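Summary of structural features
Below are the chains, spelled out letter by letter.
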Amino acid sequence: VFAYNTMIRGLSLAGLAYKSVLLFNSMLLTGLIPDNHTYTFVLKACSGLNALIEGKQVHCMIIKAGILPSTYVHSSLIHMYANSDGLDCARRVFDGFPEKNTLIKNAIITGYLQHGRVDEAREVFDGTIVKDDATWSAMVTGYSRNGMYMEALGVFREATVCGAELNESMIVSALSACAQSGALDQGKWIHLYACRRARAEMSAVLSTALVDMYAKCGSIESSYEVFCSMTRRDVVTWTAMISGFAMHGYAKKSFQLFDEMVAAGIRPNAAAFVAVLSACTHVGDIEMGRYYFNRMKIDFGLTPSIEHYGCMVDLLSRAGHLAEAEDLIASMPMEPN
RNA sequence: CCAUCAUAAUAUGAUACA
């Protein structure tokens, strides 16, 4: 059973959720009895596949096997239903769970937030007396993802007041809320807080959130300062900085950073190309636009997505090259949106 | 018999136009 569990989990972690479910199936055929671990892993694979029917089958097996209410198994069930568009079923699992603890509440709060049902999430959140860092973090992130930045920052402030430990996810989510709402002062405060709590260098994720926050709040200098202070940068960091300069109209700086990134051995992905193409659009540089659009295909073997075509159409149209823009739309392998 | 090792849930950054 242990070997199967490890493989079922491994396959779904490796993005092979389909094989993971198949392996679960062959495990059953051998006559082995799955344990609680097995159920959580295969449910996670079902979540990743949006496999509601298979998930329900597993749920039935859990019931028939007489599995007692278990935080892990039932959190996984809630997660699976929420992910597979079965929020009502998720609620029923939640309601049927006795002695609701923090973990099980976190699962249903997250489920509601994924579907934009913030009021219901808030209700459970308020009813959660013992909140752990995931509870706070889920609520901040959920509000932020649903465009309710003030509410997100409100919950963040509440967490600080309650003396809850602010973990990195929560700080990153709060910074994202500042970025999207232009709350520079609040962002600066969080920056100071993050500096104080950091024992070593901040993680790339946190620093990137700062780079993004300063850029979007109009403070490109501070953004670049944070960027320069970093010793490790991944493709997301570079992309945040490139789009920061693009938004402020410093296209040359964006191009320069793009080249530096490639020289540093970081492979640009689709998002990096959107960023550099948007730099072209903001200054109307058709030549550079064509250059990067071609490099993307030829040098990096990336297939342009609808966003890339969108950037090019935007760029060409603004410069009055309407016929070329129209031809490009006609040449797209996908339906224009 | 002892020692050692492996498997649990939820949250977290970038991307044009609008």
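The coordinates are above.
Quick caveat, the model's predicted, so the values are computed rather than measured.

Conventions and cut-offs
- Residues numbered from 1 in each chain as written.
- Chains lettered and ligands numbered in written order.
- Predicted model: local features only at pLDDT ≥ 70, side-chain atom pairs only at ≥ 80, totals over all residues.
- Heavy atoms only, no water.
- Axes fitted to C-alpha atoms, helices over the stretch in contact; angles between N-to-C directions.
- Helix = DSSP H or I, 4+ residues; strand = E, 2+ residues; numbered from the N terminus.
- Parallel < 35°, antiparallel > 145°, perpendicular 65-115°, else oblique.
- Contact = heavy atoms within 4.5 Å.
- Nonpolar A, V, L, I, M, F, W, Y, C, P; charged D, E, K, R; others polar.
- Phe/Tyr/Trp six-rings, centres within 6.5 Å; stacked < 30°, edge-to-face > 60°.
- Buried < 20%, exposed > 50% of the residue type's maximum accessible area, 1.4 Å probe, protein only.
- Lys NZ or Arg CZ within 6 Å of the ring centre and 35° of its normal.
- Near = heavy atom within 4 Å.
- Polar contact = N/O pair within 3.5 Å; in protein donor to acceptor, adjacent residues only side chain to side chain.

**Structural notes on the packing of helix α13 (residues 204-216) against helix α15 (residues 235-247)**
Relative orientation and spacing of two packed helices are given, respectively, by the angle between their axes and the distance between those axes. Where α13 contacts α15, the axes come no closer than 9 Å and their chain directions differ by 5°. One way to sum up the angle between α13 and α15 is to call them roughly parallel. Taken together, the residues of α15 that come into contact with α13 (itself represented by A204, T208, V211, A215 and K216) are V236, T237, A240, M241, G244 and M247. Split by residue class, the contact of α13 with α15 holds seven nonpolar, three polar and one charged.

**A short note on the packing of aromatic side chains**
The description of an aromatic ring pair uses the distance of the two centres, along with the angle that the planes make with each other. A full pass over the atoms with the stated rule returns twelve aromatic pairs. The interplanar angle of 75° and the centroid separation of 6.2 Å between the aromatic rings of F245 and Y250 together place this pair among those described as edge-to-face. What makes F245 buried here is its relative accessible area of 6%. Positioned above the aromatic ring of F125, the side-chain terminus of K131 is 4.7 Å from the ring centre. It is K131 that lies over the ring of W136; its NZ or CZ is 5.4 Å from the centre.

**Concerning the protein's contact with RNA strand B**
Close to RNA strand B lie 43 residues, the nearest being F2, F41, L103, R145 and V274. For RNA strand B, the backbone makes up 59% of the atoms found within 4 Å of the protein, where backbone means sugar plus phosphate. In the model, a sugar or linking oxygen of RNA strand B is placed 2.3 Å from a nitrogen or oxygen of the T110 side chain. Note that a base nitrogen of RNA strand B is positioned 3.1 Å from one of the side-chain N or O atoms of T208. The element contributing the most residues to the surface near RNA strand B is α13, with six residues.

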